[in-house]
2 protein chains.
Amino acid sequence: MLNGGHWVSPSALEAVNAAIKKTGYRVNPHARNLATNRANSVAFLLTETHDRLFEDPNFAVLVRGAADALAVHDIPLVLILAGTDDEQRRATEFLTSGHVDGVLLVSSHATRKGIISNIISAGIPAISCGIPLGFEKKMGYVAADDYEGAQDVLRYLQDAGRQRIATITGPQDTSGGIRRLEAYRDHQGAELDEALIVHGDYSKESGAKGMRELLNRAPGIDAVFAANDLMALGAMEVLHEAGRRTPEDVAVVGFDDISASSAATPALTTVRQPFERISEEMVRLLLDVIAGKRPAAITIPTELVVRESA
Amino acid sequence: MLNGGHWVSPSALEAVNAAIKKTGYRVNPHARNLATNRANSVAFLLTETHDRLFEDPNFAVLVRGAADALAVHDIPLVLILAGTDDEQRRATEFLTSGHVDGVLLVSSHATRKGIISNIISAGIPAISCGIPLGFEKKMGYVAADDYEGAQDVLRYLQDAGRQRIATITGPQDTSGGIRRLEAYRDHQGAELDEALIVHGDYSKESGAKGMRELLNRAPGIDAVFAANDLMALGAMEVLHEAGRRTPEDVAVVGFDDISASSAATPALTTVRQPFERISEEMVRLLLDVIAGKRPAAITIPTELVVRESA
DNA sequence: CTGAAAGCGCTTACAG
DNA sequence: CTGAAAGCGCTTACAG
């Protein structure tokens, strides 16, 4: 009856509820977990080095969104930070021991393959944030439409009359980094100039470094598409120091729409990734998989946010 | 024997380990938890509204430090975000149901009294980050030495020849906000001028707003002590817009040493709170309390970091 | 439909 | 020291 059950007389129900309240009865979660063989919790696995955890505000947004979406179902979020190999070993051990019913996987550099394949072969329900490179068919995921988002940027820059558009890429072992560069290559088409492509790692410093490199290689550029906001912000600083005006001399566009971007001077034009939506969908898909459904993949459109920098 | 036990012949031990490895045996955590009546996990409770969670990088540092310190003991971190009253009700329910062995309490505005007293009366081991106002004697905590840290700032400004020092306070229902203002009042002594005190809520915007107010009230000030870096950064922007140079016309000092502070122009002079150390000590104290020891309180010294803004 | 019993997989006190 | 048994507090299949 405690579990809902069927019809019970109102007075009986009331009496039971009163008794529950009076005695302060609580189900013992461990006993329940043992009997049902469920953990009633979900892991949020961040396979990311610690510095990025601090630097990139997106993680906080994702964590919060996931925790909120799970709270509705009374499912606690177990946070697992596993940046190093050793931490990933521990994490694998933990995840495959029945401590949680499933895992939300965030920031899956392809170099983290070990832990992903362990999760899959252990049969733990899991949903990835972004495409789980190499496991697209074996694990559900929800990803922003990186390709379309990047194309939007490039079309916008072109329509604004920009002639020589350079790009600072993201890491090439992440789906976002790869897809945004693909879009750039496709857009440039026959006019593609490899000298206008410089590689970054999503950190602000790498954006600054990339911008210096570009200024050396191709002083004539009039636009830069950085694969994320942090790098775009770093690039803008370098341009400023070099005496180039943004957007007059060089337009700058980022990707992510972190809060620092609207506060920057000039405010950064960027592509908004709907992270609240992403984490919400991740939770939904994960609960589906836990409930026995087959894993699904969702791609969510992005939105171009035009501000001052381009 | 699986639990260490006493002397076993090396060959027997080896045989058992081999068997364990071969069959892939794992203890069932739920069965263990039921038998031992322990959850083997700890909650990280953030009673903070969501916007601050994103804006203030200190939370990420604390979460990471706590997760790392707990990982050493193989104890997972259950993240609980409870900004609203409703969320705090759920959190209380959860915490008092045996899901976790203890809780790390972060950002305890005094307005969050309800949840704190529930935790205490339920007898759940807990350690607070910062002084748990109103419960100092009933709950262990680890806090930075806010008073000394603020005094350091004020002495430094005075020694630098600053004559009219204003302050932008933190929220007056947090121990940090209160103690840093106390230090200010005590330092000003007989020369205390209430017009030089303006209240903020630790957000960047409130710092900007406070600065405008100060500029109106007391145009002659030559230094501002903001109770945290975010507000100091907001204040610096307003000074810049108002055509006042930092530090030449008005010196600015913050508190926290977040990463944005060293990157700012001019780089912000501030007080470093050793958050890695704080989270580490919190975990240590909490595990002690869980093990049955009496709760302790630790105050950790801060460090003045002199950069360009003062 | 109801209620007593078995079973979940550990730990631990206890008999041998 | 060792090994079998009881017990942790639930859920659920099953007999009544």
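These numbers were taken from a predicted model, which means no experiment stands behind them. (Residues numbered from 1 in each chain as written. Chains lettered and ligands numbered in written order. Predicted model: local features only at pLDDT ≥ 70, side-chain atom pairs only at ≥ 80, totals over all residues. Heavy atoms only, no water.)

1. Focus: the overall build of chain A
For step 1, the next point in the chain: Within chain A, the regular secondary structure consists of 12 helices and 12 strands.
For step 2, the next point in the chain: Taken along the three principal axes of its C-alpha coordinates, chain A extends 80 × 40 × 30 Å.
For step 3, the next point in the chain: Among the 310 residues that make up chain A, the fraction classed as buried is 54%.
For step 4, the next point in the chain: Taking all contacts inside chain A whose residues are at least 6 apart in sequence as the whole, residues at least 24 apart take part in 71%. (Helix = DSSP H or I, 4+ residues; strand = E, 2+ residues; numbered from the N terminus. Buried < 20%, exposed > 50% of the residue type's maximum accessible area, 1.4 Å probe, protein only. Contact = heavy atoms within 4.5 Å.)

2. Quick word on the protein's contact with DNA strand C
For step 1, the next point in the chain: Around DNA strand C lies a shell of 11 residues, among which Tyr25, Arg26, Asn28, Arg32 and Ala35 of chain B are the nearest.
For step 2, the next point in the chain: When the atoms of DNA strand C within 4 Å of the protein are grouped by moiety, sugar and phosphate amount to 76% of the total.
For step 3, the next point in the chain: If you list the elements that add at least two residues to the surface near DNA strand C, you get helix 2 (29-36) of chain A together with helix 2 (29-36) of chain B.
For step 4, the next point in the chain: Looking at the surface near DNA strand C element by element, the count peaks at 4 residues for helix 2 of chain B.
For step 5, the next point in the chain: Here the surface near DNA strand C is composed, by residue class, of 6 nonpolar, 3 polar and 2 charged. (Near = heavy atom within 4 Å. Nonpolar A, V, L, I, M, F, W, Y, C, P; charged D, E, K, R; others polar.)

3. Notes on the pairing of strand 11 (residues 297-300) of chain A
Residues and elements named next belong to chain A.
For step 1, the next point in the chain: Taking every second residue as pointing to the same face, the buried face of strand 11 carries Ile298 and Ile300, while none of Ala297 and Thr299 on the other face is buried.
For step 2, the next point in the chain: The sheet contact formed by strand 5 (residues 140-144) and strand 11 spans 4 bridges and is parallel. Looking across to strand 11, one finds that Ala144 is bridged to Ile300. (Pairing = 2+ DSSP bridges.)

4. Some words on the interface of chain A and chain B
For step 1, the next point in the chain: Of the residues lining the interface, 36 residues belong to chain A; the matching set on chain B comes to 36 residues.
For step 2, the next point in the chain: When chain A packs against chain B, close to 2,900 Å² is buried across both sides, 60% of that on carbon and sulfur atoms.
For step 3, the next point in the chain: For the pair chain A and chain B, the interface holds 4 salt bridges.
For step 4, the next point in the chain: One salt bridge in this structure joins Glu93 of chain B and Arg26 of chain A, with 3.6 Å as the shortest N-O distance.
For step 5, the next point in the chain: There are 12 residue pairs in polar contact (both at pLDDT 80 or more) connecting chain A and chain B.
For step 6, the next point in the chain: Mapped by element, the contributors of at least two residues to the side of chain A that touches chain B are helix 2, helix 3 (50-55), helix 4 (58-71), strand 2 (77-81) and helix 5 (85-95) of chain A.
For step 7, the next point in the chain: When residues of the side of chain A that touches chain B are assigned to their parent elements, the largest contribution, 7 residues, is made by helix 4 of chain A.
For step 8, the next point in the chain: Across the side of chain A that touches chain B, the residue classes break down as 19 nonpolar, 9 polar and 8 charged.
For step 9, the next point in the chain: By the bridge criterion, 3 bridges tie strand 2 of chain A to strand 2 (residues 77-81) of chain B in an arrangement that is antiparallel. (Buried area = accessible area lost by both parts, 1.4 Å probe. Salt bridge = Lys/Arg side-chain N within 4 Å of Asp/Glu carboxyl O. Polar contact = N/O pair within 3.5 Å; in protein donor to acceptor, adjacent residues only side chain to side chain.)

5. Quick notes on the relation of the copies chain A and chain B
For step 1, the next point in the chain: Overlaying chain A on chain B yields an RMSD of 0.0 Å, the required transformation being a rotation through 180° with an accompanying axial translation of 0.0 Å. Taken together, these values place the two copies in the relation of a two-fold axis. Residue Val78 of chain A, judged by its C-alpha, is the member of chain A lying nearest the rotation axis, at 2.2 Å.
For step 2, the next point in the chain: Comparing interface residues between copies, 100% of those in chain A also lie at the interface in chain B; the contact surface is shared. (Least-squares fit on C-alpha atoms with pLDDT ≥ 70 in both.)

6. With respect to the packing of aromatic side chains
Residue and element names in this part refer to chain B.
For step 1, the next point in the chain: In total, this model carries 2 aromatic pairs over all chains according to the counting rule given.
For step 2, the next point in the chain: Each ring, one from Phe225 and one from Phe255, has its centre 6.4 Å from the other, and the planes form 50°; the classification is tilted. Of the two residues, Phe225 sits in strand 8 (residues 223-226) while Phe255 sits in the loop between strand 9 (251-253) and helix 11 (259-263), which places them 30 residues apart along the sequence. Across the pair, Phe255 and Phe225 agree in class, each one buried. (Phe/Tyr/Trp six-rings, centres within 6.5 Å; stacked < 30°, edge-to-face > 60°.)

7. Here we look at the sheet that holds strand 7 (residues 197-199) of chain A
Strand-to-strand pairing in sheets goes through backbone hydrogen bonds, with the strands running parallel or antiparallel.
Residues and elements named next belong to chain A.
For step 1, the next point in the chain: Taken in spatial order, the 4 strands of this open sheet run 7-6-8-9, and their pairing is parallel. Edge positions in the open sheet fall to strand 7 and strand 9 (251-253), since each of these has one partner strand only. Neighbouring strand axes in the sheet, compared pairwise and without regard to direction, differ in orientation by 15° on average.
For step 2, the next point in the chain: As judged from the 3 bridges shared by strand 8 (residues 223-226) and strand 9, these two strands associate in the parallel manner. Across the sheet, Phe225 pairs through a bridge with Val253, a residue of strand 9.
For step 3, the next point in the chain: Sheet strands touched by helix 8 (residues 175-188): strand 6 (165-169), strand 7 and strand 8. Its angle to strand 6, the strand with the most contacts, is close to 160°. (Axes fitted to C-alpha atoms, helices over the stretch in contact; angles between N-to-C directions.)

8. Some remarks on the sheet that holds strand 5 of chain A
For step 1, the next point in the chain: Across the sheet, 12 strands lie side by side as 11(A)-5(A)-4(A)-3(A)-1(A)-2(A)-2(B)-1(B)-3(B)-4(B)-5(B)-11(B); this open sheet has mixed pairing. The strands lining the two open edges of the sheet, one partner per strand, are strand 11 of chain A together with strand 11 (297-300) of chain B. The sheet shows a mean angle of 20° between the axes of neighbouring strands, taken without regard to direction.
For step 2, the next point in the chain: Relative to the sheet, helix 6 (residues 113-121) of chain B contacts strand 1 (42-46), strand 3 (102-106) and strand 4 (126-129) of chain B, its axis offset from that of strand 3 of chain B by approximately 155°.

9. What to know about the packing of helix 4 (residues 58-71) of chain B against helix 12 (residues 275-290) of chain B
Packed helix pairs are specified by the crossing angle of their axes together with the interaxial distance, meaning the distance between the axes.
Residues and elements named next belong to chain B.
For step 1, the next point in the chain: Close contact between helix 4 and helix 12 brings their axes to 8 Å; oriented N to C, the two are set at 45°. For the element pair helix 4 / helix 12, the angle class is oblique. Of the two elements, helix 4 crosses helix 12, and the hand of that crossing is right-handed. Side by side, helix 4 and helix 12 meet where Asn58, Val61, Leu62, Gly65, Ala66, Ala69 and Leu70 of the first sit next to Phe275, Glu276, Ile278, Ser279, Glu280, Val283 and Leu287 of the second. (Parallel < 35°, antiparallel > 145°, perpendicular 65-115°, else oblique. Left-handed = near helix turned anticlockwise from the far one by under 90°.)

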